[in-house]
Amino acid sequence: MDMKGFICSLAFVWTLFAMPSETVAGEFHPFAKAEGVWGEGCSATNAYLRFRTVFTAKKGDKPVLRVTASTVYRATANGSYVGYGPARSAEGTFKVDEWPLPDVREGENELVIDVAGYANVSFQYVIQPGFLQAEVVCGDRVLAATPADFTATEIMRDRGGPVYSKQRGFPSERYTVDSASTPPPIGLTKGPLVRYLPRGVPYPEFNIKRFYSETNTGVSTVWQAPVNDSGFLGFKVRVTEPGVFEARFEEALTEGRVDAFRNGDPAKSWHGTRNVLSWDVKQPGDYVFETFEPYTFRYVEARMASGKAEISAPYLRQFRNPYPERASFVSSDPDVDGIFRAACDTLAQNGVDVYTDCPGRERLSWLCDSWFSAQAGAYLTGDFSVERAGLEIFARAPRFRGRVPEGGLPGSYPGLDVMPYYTIWYVIQCGAYFHRENPPDAKAFANLVQARVLKVLEFLSSFENADGLVENPTGDKFLDQSQARVLTQHVSFVGNMLWAKALQCAGEMYGRKDLLDKADKVRATIRRLSYDGRYFHDQMVNGVRVEQFSEACQYFAFFSDTATKDAYPELWHRLLADFGPGRAPENVFSVDMFVGRLLRLGLLSSCGQKEMALSEMKTSLLNQVRTSGTFWEFADGHDSRCHGFASYVALLLVRDVIGLSIDHARRSVTVADTDIPIDFGTVRLPVRDGTVELSFRHEAGRIERKLKMPVGWRQNDPKMESYGE
């Protein structure tokens, strides 16, 4: 066993013993009767069980399923879909869902809950033993509860074999289906006693979407959806001759075919996915197959690898946050409308329980990525629970497995390696949430994360050199998805720019003048050592400034308030004249989508360069909008084509280009009295109390604006026409 395998095995054993032995007085206790259970003698990893109960309902009953599980569950009632969960939480705590049961009839009703107890090496899920805790309630009555009222059988899904992706870690979905054989019941044993939390985030939507076109290749059929989407892939198949039904899916076609390994084999590549599903059908008959795990795709190819069958067009059961669909933007510019719509779609797929980087290959709540997604989420959803859930996980985590020293954080949870500059992003994100939320919640949040934030500051401070800059901190020093990533060793000026911003955020949250003063000193030192009169340098080695530059470094300087356009006018004008999509001086590393391109767009739009920002948004994003309807990880589309961070452009469109700013904490709206480079339009944004709506139109050389707000909200510019809901 190599060191990584040893660490992961140790983490698993430690997790088993680290589960709390009893619940704590005063904590959330949601279950009336149910206890956690699991199958006797089941595998410690990759075990799949089907729990079944029959409960009796009275006429008019509206029962609810109360449930949590490890690792993941899917519930159906009388054959109708109920829900999927639970929402993610920190090690040792489990969020509890409450699903109204559909199609309940008077008399007997069947409830089926499938559970995957993965407990394997994964960046998506914590390594914890499998269990189910569920009960059906109607008012004060408990109609069924684990363990007494449930039976369990094993689901014939492959427990070994190749994984779907390195990040998600579970084996590719391969099933054996034998309708002539009934699996024997499995004895149930008591599961671990755990701590509970309310779900705390919106319940996802499970709308069914159909594929609208198909192409027959002779040996298979390829279907195409209108846009990239995420959820559970399903088929109706009439098998006439037993054999193996196989499906492949992808976000893009390769020479007209679905290449299930378009981004590489996950056995060899960090970015690879194994987009192959199979069902080995032993008996003829009519079947409905649906994936247990959610995936992201636009194209699906299906065939019988052996045997014969009639394959109906596939369907997608969406798995999305429903809130971004409440936002809309309709204007005289269809390109802008398309960009806004793509931002909403991208965010919806990446905001189910935490803000994720992508909903397919990884589904990870990366720090840094989630800062950009949360900025968009504030405007597109009017809800902050998903953002807070991701930050709370880091605060509540009792430990971090793998190579994460005290005070450091992995780049995503649960992660494996410390990422010092993503650790800094955690403090920046906590500061952003603190300023966005209403005052009572902000204070409670600051108290919740305080211990973690202070440990982060202590960890980074331990790497300060004689200049007061962080030098060569432990771990993976990734910062940006461009060639700038090779300039992060030793003293990274970009890393220290973020360090200054984090010190400022912590100082503001906790009223610490010493931290604010330290932030100012770090910025002053960076200006003295990094800037050469033309550019900020990325790196210093042994006290010597490295003569290499990145475009991203310049944008980080402005993002972190190390530079301003007034203090550095020559650099500012150079960025306007010499940089942009496809433009950069030969001696400067240019940016890609993550995150330099987004930082540039934010800089341009927030500093009044609306037309340039809008033009560059179109140059950068319209091909993505027209190709997949979602935003990409890389500009050339070679990897993920639904990456949540890029939904940030919706915020820039609304706040900077249109001039509509929303202060959720103070329930106020500001409309900038500046030019809008769009002839007319209407933007609608959800807020907690309803909807904020701004309409504008160019008329006779001026812009007419009308603002609609919920009752109780106020307008900061009372001279403009406005009316309440």
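This text goes with the structure placed above it.
Summary of the structure given here. (Residues numbered from 1 in each chain as written. Predicted model: local features only at pLDDT ≥ 70, side-chain atom pairs only at ≥ 80, totals over all residues. Heavy atoms only, no water.)

## Quick notes on the environment of D286
Then, in step 1: By secondary structure assignment, the location of D286 is in strand β19 (residues 285-290).
Then, in step 2: In this view, D286 contacts V237 and R238; residues no more than four positions away in its chain are not counted.
Then, in step 3: There is a polar contact of 2.6 Å between the side chain of D286 and the side chain of R238. (Helix = DSSP H or I, 4+ residues; strand = E, 2+ residues; numbered from the N terminus. Contact = heavy atoms within 4.5 Å. Polar contact = N/O pair within 3.5 Å; in protein donor to acceptor, adjacent residues only side chain to side chain.)

## Regarding the pairing of strand β16 (residues 221-241)
Then, in step 1: Note: strand β15 (residues 213-216) against β16, 4 bridges, orientation antiparallel. Of the residues in β16, the one forming a bridge with S213 is Q224.
Then, in step 2: Taking the residues between adjacent antiparallel strands as the criterion, β15 and β16 are bridged by 4 residues, where G218 takes a positive phi near 105 degrees.
Then, in step 3: With 7 bridges joining them, β16 and strand β20 (residues 295-304) adopt antiparallel strand pairing. The partner of T221 across the bridge, within β20, is A302.
Then, in step 4: As defined by bridge partners, β16 adjoins strand β22 (residues 315-318) across 4 bridges and the pair is classed as antiparallel. (Pairing = 2+ DSSP bridges.)

## A word on the nonpolar core
For soluble globular proteins, nonpolar side chains are generally found buried alongside one another.
Then, in step 1: Residues F340, F372, W425, Y426, L660 and L685 are the most contacted members of the largest nonpolar core, which totals 148 residues.
Then, in step 2: Ranked by size, the runner-up nonpolar core spans 66 residues in total, among them V37, A144, V237 and F292. (Core = buried A, V, L, I, M, F, W, Y, C linked by side-chain atoms within 4.5 Å. Buried < 20%, exposed > 50% of the residue type's maximum accessible area, 1.4 Å probe, protein only.)

## Details of the side chain of R262
Then, in step 1: Its location among the elements puts R262 in the loop between β17 (243-250) and β18 (276-281).
Then, in step 2: At 3.2 Å, the side chain of R262 forms a polar contact with the backbone oxygen of G637.
Then, in step 3: Within the structure, R262 has its side chain in polar contact with the backbone oxygen of H638 (distance 3.5 Å).
Then, in step 4: Setting aside chain neighbours within four positions, we find R262 in contact with E250, E251, A252, T254, G637, H638, D639 and R641.

## As for the packing of helix α3 (residues 369-380) against helix α13 (residues 648-658)
Then, in step 1: Where α3 contacts α13, the two axes come as close as 7 Å, and the packing angle between them is 50 degrees. For the element pair α3 / α13, the angle class is oblique. As α3 runs across α13, the sense of the crossing is left-handed. For the pair α3 and α13, contact is made by W371, F372, Q375, A376, Y379 and L380 and by Y648, A650, L651, V654 and R655, respectively. (Axes fitted to C-alpha atoms, helices over the stretch in contact; angles between N-to-C directions. Parallel < 35°, antiparallel > 145°, perpendicular 65-115°, else oblique. Left-handed = near helix turned anticlockwise from the far one by under 90°.)

## Some points on unusual backbone geometry
Then, in step 1: Here the bond from G85 into P86 is cis, since omega is 0 degrees, no more than 30 degrees from zero.
Then, in step 2: With respect to the helices and strands, P86 occurs in the loop between β5 (80-85) and β6 (93-100).
Then, in step 3: The step from T146 to P147 runs through a cis peptide bond, and the omega angle for that step is 0 degrees.
Then, in step 4: Turning to its location among the elements, P147 is positioned in the loop between β9 (141-145) and β10 (151-154).
Then, in step 5: Phi at E255 takes a positive value of approximately 55 degrees, unusual for a residue other than glycine.
Then, in step 6: Residue placement: E255 occurs in the loop between β17 and β18.
Then, in step 7: Owing to a relative accessible area of 83%, E255 belongs among the exposed residues under this scheme.

## Some points on the packing of helix α7 (residues 493-510) against helix α9 (residues 551-559)
In helix packing, the relevant descriptors are the interaxial angle and the interaxial distance, both defined with respect to the helix axes.
Then, in step 1: It is the contact of α7 with α9, at a shortest axis distance of 9 Å, that shows an interaxial angle of 15 degrees. Classed by the angle they form, the pair α7 and α9 counts as roughly parallel. With respect to the hand of their crossing, α7 and α9 are arranged in left-handed fashion. The residues of α9 that touch α7, namely those facing V494, M497, L498 and K501, are C553, F556, A557 and F559.
Then, in step 2: Here the contact of α7 with α9 is composed, by residue class, of 7 nonpolar, no polar and 1 charged. (Nonpolar A, V, L, I, M, F, W, Y, C, P; charged D, E, K, R; others polar.)

## Focus on the environment of A389
Then, in step 1: With respect to the helices, strands and loops of the structure, A389 is situated in helix α4 (residues 385-396).
Then, in step 2: Taking the C-alpha atoms as reference, A389 lies 25 Å from E135; in sequence the two are 254 residues apart.
Then, in step 3: Discounting residues that sit within four places of it in the chain, A389 has contacts with K95, V201, D353 and V354.

## Some details on the packing of aromatic side chains
Then, in step 1: Summed over all chains, the structure comprises 51 aromatic pairs.
Then, in step 2: By the ring-pair criterion, three or more aromatic residues cluster together here, those being Y48, Y118, Y125, Y164, F170, F211, F249, Y295 and F297.
Then, in step 3: In this arrangement the basic side chain of R199 is found over the ring face of Y203, its NZ or CZ atom lying 4.8 Å from the centre.
Then, in step 4: Taking NZ or CZ as reference, R574 lies 5.5 Å from the ring centre of Y535, over its face. (Phe/Tyr/Trp six-rings, centres within 6.5 Å; stacked < 30°, edge-to-face > 60°. Lys NZ or Arg CZ within 6 Å of the ring centre and 35° of its normal.)

## Some details on helix α10 (residues 569-578)
Then, in step 1: Listed in full, the buried residues belonging to α10 are L571, W572, R574, L575 and L576.
Then, in step 2: On its buried face, α10 sits against α9, α11 (593-606) and α12 (610-628).
Then, in step 3: Within two residues after α10, G580 carries a phi angle of roughly 140 degrees, on the positive side.

## Thoughts on the side chain of R88
Then, in step 1: Relative to the helices and strands, R88 is located in the loop between β5 and β6.
Then, in step 2: On the basis of relative accessible area, R88 is assigned to the buried category, the value being 11%.
Then, in step 3: At 2.6 Å, the side chain of R88 and the backbone oxygen of R363 are in polar contact.
Then, in step 4: The contact partners of R88, leaving out residues within four places of it in the chain, are K95, Q124, D353, V354, T356, R363, L364 and I393.

## Overview of the sheet that holds strand β25 (residues 539-541)
Then, in step 1: Across the sheet, which stays open at both edges, the 3 strands sit in the order β24-β25-β26 with antiparallel pairing between neighbours. In the strand order of this sheet, the two ends are held by β24 (491-492) and β26 (544-545), each with one partner.
Then, in step 2: In the sheet, β25 pairs with β26 via 2 bridges, with the strands oriented antiparallel. Of the residues in β26, the one forming a bridge with V541 is V544.

## Regarding the pairing of β9
Both faces of the sheet carry side chains from a regular strand, because those side chains alternate between them.
Then, in step 1: Two elements, strand β8 (residues 131-138) and β9, share 4 bridges in a ladder whose sense is antiparallel. Across the sheet, residue V137 finds its bridge partner in β9, namely V142.
Then, in step 2: Linkage of β8 to β9, two consecutive antiparallel strands, is achieved through a turn of 2 residues, within which G139 is found at a positive phi near 65 degrees.

## Points about the sheet that holds strand β29 (residues 660-663)
Then, in step 1: Read across the sheet, 3 strands follow the order β29-β30-β34 without closing on themselves; strand pairing throughout is mixed. Looking at the sheet topology across the chains shown, the edges are occupied by β29 and β34 (714-715).
Then, in step 2: In terms of strand pairing, strand β30 (residues 668-671) meets β34 through 2 bridges, oriented parallel. Paired with V669 across the bridge in β34 is Q715.

## A look at the pattern of salt bridges
Then, in step 1: Going through the model one piece at a time under the given rule, you end up with 47 salt bridges.
Then, in step 2: R141 serves as the salt-bridge partner of D61, at 2.9 Å between the closest nitrogen and oxygen. Linking D61 in the loop between β2 (47-57) and β3 (64-70) with R141 in strand β9, this pair joins segments that are 80 residues apart in sequence.
Then, in step 3: R317 is the partner of E290 in a salt bridge, and the nearest nitrogen-oxygen pair spans 2.9 Å. Residue E290 is found in strand β19, and its partner R317 is found in strand β22; the two are separated by 27 residues along the sequence. By the burial criterion, E290 is buried, and R317 matches it. (Salt bridge = Lys/Arg side-chain N within 4 Å of Asp/Glu carboxyl O.)

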